[in-house]
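Now for the letters of each chain:
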Amino acid sequence: MLAKRIIPCLDIKDGKTVKGTNFENLRNAGDPVELGKLYSDQGADELTFLDITASFEGRKTFTDMVKKVAANISIPFTVGGGINELKDVERLLSAGADKVSINSSAIKNPQLIEDIAKNFGQQVCVVAIDAKESNGIWKCYLNGGRVETDKTLFDWAHEANERGAGEILFTSMNHDGVKEGYANEALARLSDILSIPLIASGGAGCMEDFYDTFNEGKADAALAASVFHFGEIKIPELKEYLCSRNINVRI
Amino acid sequence: MKVAIVKYNAGNIYSVDYALKRLGVDAEITADKEKLMSADKVIFPGVGEAKTTMDHLKQCGLDRVIKDLKQPLLGVCLGMQLMCNYMEEGDTTGLGIFDVSVKRFIPNIHIEKVPHMGWNTIFDLKDELFKGFTKEEFVYFVHSYYVPVNEFTAAKTEYIIPFSASLHRDNFYATQFHPEKSGKTGEKILQNFLNL
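1. Re the overall build of chain B
- Check the secondary structure of chain B and you find six helices and 13 strands.
- In terms of C-alpha radius of gyration, chain B reaches 15 Å, essentially the compact-globule figure of 16 Å for 196 residues.
- Dimensions along the principal axes, computed over C-alpha positions, put chain B at roughly 50 × 40 × 30 Å.
- Buried positions account for 61% of the 196 residues belonging to chain B.
- Within chain B, contacts between residues separated by at least 24 positions form 69% of all contacts whose residues are at least 6 apart in sequence.
- Positive and negative charge centroids in chain B, built from 23 and 25 side chains respectively, lie 3 Å apart.

2. Here's the deal with the state of the cysteines
Residues and elements named next belong to chain A.
- Counted according to the given criterion, the structure contains zero disulfides over all chains.
- The thiol of Cys-125 is not disulfide-bonded; the next cysteine sulfur, from Cys-140, is found 15 Å away.
- Left without a disulfide partner, Cys-243 is nearest to the cysteine sulfur of Cys-206, which lies 18 Å away.

3. Some thoughts on the confidence of the model for chain B
All names here are of chain B.
- Of the residues in chain B, 99% reach a pLDDT of 70 or more, and the chain-wide mean stands at 94.
- When pLDDT is averaged over each element of chain B, strand S13 (residues 172-175) comes out on top at 98 and helix H3 (residues 50-59) at the bottom at 91.
- Reported for the predicted complex are a pTM of 0.94 and an ipTM of 0.92.

4. Some points on the sheet that holds strand S6 (residues 92-93) of chain B
Residues and elements named next belong to chain B.
- If you trace the four strands from one edge of the open sheet to the other, you get S6-S5-S7-S10, paired in mixed fashion. A single partner strand is all that each edge strand has here, and the edge strands are S6 and strand S10 (145-146).
- In this structure, strand S7 (residues 98-104) lies alongside S10, joined through two bridges in antiparallel fashion. Across the sheet, residue Lys-103 finds its bridge partner in S10, namely Tyr-146.

Cut-offs and rules
- Residues numbered from 1 in each chain as written.
- Chains lettered and ligands numbered in written order.
- Predicted model: local features only at pLDDT ≥ 70, side-chain atom pairs only at ≥ 80, totals over all residues.
- Heavy atoms only, no water.
- Helix = DSSP H or I, 4+ residues; strand = E, 2+ residues; numbered from the N terminus.
- Rg over C-alpha atoms; globule rule 2.2 N^0.38 Å.
- Buried < 20%, exposed > 50% of the residue type's maximum accessible area, 1.4 Å probe, protein only.
- Contact = heavy atoms within 4.5 Å.
- Lys, Arg positive; Asp, Glu negative; His and termini not counted.
- Charge placed at Lys NZ, Arg CZ, Asp CG, Glu CD.
- Disulfide = S-S within 2.5 Å.
- pLDDT = per-residue confidence, 0-100.
- Pairing = 2+ DSSP bridges.

In structure tokens form, the structure reads like this:
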């Protein structure tokens, strides 16, 4: 049976992980390769690396990091941040990334989804959506949640699916950082309208939140950052817990 | 030991190369007929769209070369599908090493998403590739098309229906999953292939 996936997300700036970590046994917790490898050894099912640098130099450093990750880690990984055109995709895939995640650039130029799917295969293209609910309406946001658009979550997710996205990664801006659980109602509605896998993001605070998002939210995978980085939740314990509650996970 | 990776427009060539390097093997990535024929082991990777990839193989003359190889060959993912007779994807004729057709997953219920993406277990293991496997192991899959269970099936996986996770005929081995992305389990499978 297909397992539900647990995906730690690492924010990268100038080739280093940004958020602090509590891993005492790591020589250099700022080294994405070492941290990624630790997660992989602990049983993470995939990894996501988001480049939050804006400069050209930063992009080059990120590409070098992707090469090191690919050389050292034997599980799939997705990279995102600053992907605007096909040649960015090509650069990251040839550096060894398995998938790319696009967000603002897909909203600005939806054709990019089709182009990625056609050139590199549907499974490569993860469409990430940041959305916020206000008065019952979920609006999509650009540029890391700074700019509101007129696109609504459910319409845009459906459109991305139709255009050839391989997965949808939905981050609820209402839930992100609050640590009181994922946006399960919206996730369940998304899961119902999508024919492709759905990754839940934003809101993980305790192990039960993961159970709820797989159960109520009907998510296929759950992504989280700080609960893992600060050691509040350890992946082996999380998987044991999910297994004991009859969620199929890889142990 | 000389290991060659078939060089063509497949997406996962470098992932396979990296995985072999982690096992201490320096493979040669090549489209050269002589080099492929003289290698001890050949890996035929594959990520992409069936029709485009098959057309490319034919243009380079690699279709004949692969079929005629006598040493152990391992096809991976689309590589395995291309080794079959026919693919529904792009209405494509394959290499015909395995006399079976590749079909598209059709979900029975909505929660069965396509592509089949993520970690799933393999069972009914019949092959040297899975030597030493004592419990149900998870491997990583990403695909929208599948090879039905047939006489060449060397391992099965269930998603929507039971299908071939691995095929074997003579010197031809293949996996639908990605051993190069399947952590320690994948490394064992690659090592078993190298040990053949």
